[in-house]
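Fold and contact review
Given next are the chains, with one letter for each unit.
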Amino acid sequence: MTIRVTLIPGDGIGPSITDATVRIVEAAGASISWDRQTAGQAGVTQWNDPMPDATLESIRTTRLALKGPLETPVGEGYRSVNVALRKTFDLYANVRPVRTVRPGGRFDGIDIVLIRENTEGLYSGIEHYIRIGNDPEAAAESVAIVTRYGSERVIRYAFEYAVTHDRRKLTLVHKANILKFTSGLFLEVGRKMAKEYAGRVAFEDRIVDAMAMQLVIRPETFDVVVTTNLFGDILSDEMAGLVGGLGLAPGGNIGEHAAIFEAVHGTAPDIAGKGIANPAALALAACMMLDHVGEPERATRIRTALEATIRDGRTITRDLGGTATTDHFTDAVIARL
Ligand code: NAD
């Protein structure tokens, strides 16, 4: 069956790693009809809109997108399209797996899936300054919103993810010792739900600062991790660092009605146009997408070829310590398929 996917090549290195990923996915025999759309800076160039209607309409129809990184101007201009897409399609669970691909690095045996709440917490966008006397910006306030509904659905997603992916343990990360209400509610929901999964998924909780340390001391002891928005944002980058950096870190944004898959990294403006970007993270995101639509065998074939190419080490990109171009790396992966 042909799967329809909205393809957003994105900005910077986006178009080149997207081309590479499409070549790899097609070489693995997946039957996909790509609906190419723009967003971010490319959307501004084509439609004068960083989040064009045509792109939103396409995702509404396909309910599935593979997205290259999008440029967000710092401090001025349009707001993050990535955040807007998560809000528009209510993509409440951000799934970020990290795995040791090349053994013998500083850390070994890592296989963690972080599931981050994607719509609430300190990213609700409720912020303002407070005037005191003559100073209109004497204080600033950011409001963290944590709802029982939002906590239940993402923690349920994490437990179900553990069950369906044959994983044994869920670690809930919080700061309920200090943030007794917001983090406290998230933890309470997790503890209650854990009883439903007793005997199937072991449950533990960690305070976020202790978790940050444990991740660099004994990362191999973690399995599935669930946490609120800001903690998840920070810990997922830490985890990407444990397995060799952003070039190998994919992510999925999952909702009830749509899912968008992407690399964790950005547009890499420093290397854009040089043909040396590593397409592995986006290719791994495409594998997550194939898993999601019920094509796990194809996803496994691609992962196996990709990981073997990286372990072999002769044809790897600069970020991984090699000299290969995007095209050479892609050709090497396809040869192994
Ligand atoms: P970045 O991830 O683009 O780059 C950080 C560093 O990692 C750079 O040195 C870059 O060369 C390197 N790098 C990243 N991906 C690589 C790859 N695939 N291969 C080889 N090297 C790679 O982060 P940044 O510089 O902070 O952000 C640049 C732009 O990307 C900004 O406009 C930012 O808003 C945007 N961004 C978008 C997303 C997204 O669309 N999901 C995520 C993060 C940042």
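Summarised in this report is the structure supplied together with it. (Residues numbered from 1 in each chain as written. Predicted model: local features only at pLDDT ≥ 70, side-chain atom pairs only at ≥ 80, totals over all residues. Heavy atoms only, no water.)

1. Thoughts on the nonpolar core
Nonpolar side chains in soluble globular proteins tend to end up buried together. In terms of nonpolar packing, the biggest core is built from 65 residues, with Leu66 and Ile115 touching the most fellow members. Looking at this core, the element that brings in the most residues is helix α9 (residues 280-292), giving ten residues. Excluding residues that lie within four positions of it along the chain, Leu66 makes contacts with Val5, Thr6, Leu7, Ile8, Thr21, Trp34, Phe261, Leu282, Ala285, Ala286 and Met289. The next biggest cluster of nonpolar side chains, apart from the first, holds 16 residues, and it includes Val98, Val173, Leu235 and Met239. (Core = buried A, V, L, I, M, F, W, Y, C linked by side-chain atoms within 4.5 Å. Buried < 20%, exposed > 50% of the residue type's maximum accessible area, 1.4 Å probe, protein only. Helix = DSSP H or I, 4+ residues; strand = E, 2+ residues; numbered from the N terminus. Contact = heavy atoms within 4.5 Å.)

2. Re the side chain of Lys67
On the secondary structure map, Lys67 appears in strand β3 (residues 64-67). One polar contact links Lys67 to Glu262, side chain to side chain, over a distance of 2.9 Å. Those residues in contact with Lys67, other than ones at most four positions away along the chain, are Ile8, Asn82, Leu85, Ile260, Phe261, Glu262, Ala263 and Leu282. (Polar contact = N/O pair within 3.5 Å; in protein donor to acceptor, adjacent residues only side chain to side chain.)

3. Remarks on the pairing of strand β5 (residues 111-117)
Counting buried positions along β5 gives six out of seven residues, so the element sits mostly inside the fold. Relative to strand β10 (residues 224-227), β5 runs parallel, the two sharing four bridges. When the bridges of β10 are listed, Leu114 appears paired with Val225. (Pairing = 2+ DSSP bridges.)

4. Topic: the site of the ligand
For the ligand, the set of nearby residues contains 20 residues, the closest of which are Leu70, Gly266, Ala268, Asp270 and Asn278. In this structure, an oxygen atom belonging to the ligand sits 2.7 Å away from a main-chain N or O atom of Ala268. Measuring from an oxygen atom of the ligand, one finds a side-chain N or O atom of Asp270 at 2.8 Å. Against a free-state accessible area of 810 Å², the protein chains account for coverage of 68% of the ligand. Classifying every residue of the shell around the ligand gives nine nonpolar, six polar and five charged. (Near = heavy atom within 4 Å. Areas by Shrake-Rupley, 256 points an atom, 1.4 Å probe, with all protein chains shown as cover. Nonpolar A, V, L, I, M, F, W, Y, C, P; charged D, E, K, R; others polar.)

5. Topic: helix α7 (residues 208-217)
Each α-helix turn comprises 3.6 residues. Residues three or four places apart therefore point the same way. Within α7, the full set of buried residues consists of Val208, Met211, Gln214 and Leu215. Projected onto a plane normal to the axis of α7, the buried residues spread over an arc of 110 degrees and lie on a single side. Elements that come into contact with the buried residues of α7 comprise β5, β8 (169-174), β9 (202-207), β10 and α8 (229-242). (Arc of directions from axis to C-beta.)

6. Focus on the packing of aromatic side chains
Within the structure shown, the criterion is met by four aromatic pairs. Pairing Tyr157 with Tyr161 gives two aromatic rings, centres 6.4 Å apart and planes at 35 degrees, and the pair type is tilted. You can see Tyr157 and its partner Tyr161 sitting in helix α5 (residues 148-164), four residues apart, about one turn around the helix. Consider the rings of Phe159 and Tyr197, whose centres lie 4.4 Å apart with planes at 5 degrees: the pair is stacked. (Phe/Tyr/Trp six-rings, centres within 6.5 Å; stacked < 30°, edge-to-face > 60°.)

7. Details of the sheet that holds strand β2 (residues 32-36)
The strand order β2-β1-β3-β12-β11-β4-β5-β10-β8-β9 describes an open sheet built from ten strands, whose pairing is mixed. Both outer strands of the open sheet, β2 and β9, are each paired with one neighbouring strand and no more. Taking each pair of neighbouring strands and ignoring which way they run, the sheet shows an average axis angle of 25 degrees. With four bridges connecting them, β3 and strand β12 (residues 259-263) associate as parallel partners. In the sheet register, Leu64 faces β12, and the bridge partner there is Ala259. Where helix α3 (residues 53-62) meets the sheet, it contacts β1 (3-8), β2, β3 and β12, and its direction lies at approximately 155 degrees from that of β1. (Axes fitted to C-alpha atoms, helices over the stretch in contact; angles between N-to-C directions.)

8. Thoughts on the pattern of salt bridges
Inspection of the entire model under this criterion finds 22 salt bridges. Across the pair Glu188 and Arg148 runs a salt bridge whose closest N-O atoms are separated by 3.2 Å. Within this pair, whereas Glu188 is found in helix α6 (residues 182-196), its partner Arg148 is found in helix α5, the two being separated by 40 residues in sequence. A residue is classified by how much of its surface remains accessible, and Arg148, at 38% relative accessible area, is partly exposed. The partner of Arg336 in a salt bridge is Asp312, with the nearest N and O atoms 3.7 Å apart. Placement of Arg336 in helix α11 (residues 326-336) and of Asp312 in helix α10 (residues 296-312) is noted, with a sequence separation of 24 residues between them. A residue is classified by how much of its surface remains accessible, and Asp312, at 33% relative accessible area, is partly exposed. (Salt bridge = Lys/Arg side-chain N within 4 Å of Asp/Glu carboxyl O.)

9. Details of a nonpolar patch on the surface
On the surface, a nonpolar cluster with roughly 270 Å² of combined accessible area is contributed by Met213, Val216 and Ile217. The residue Val216 is located in helix α7 in this model. (Patch = residues over 30% accessible without salt bridge, like charges linked within 9 Å, V, L, I, M, F, W, Y side chains within 5 Å.)

Remember, this is a structural readout, not a statement about activity or role.
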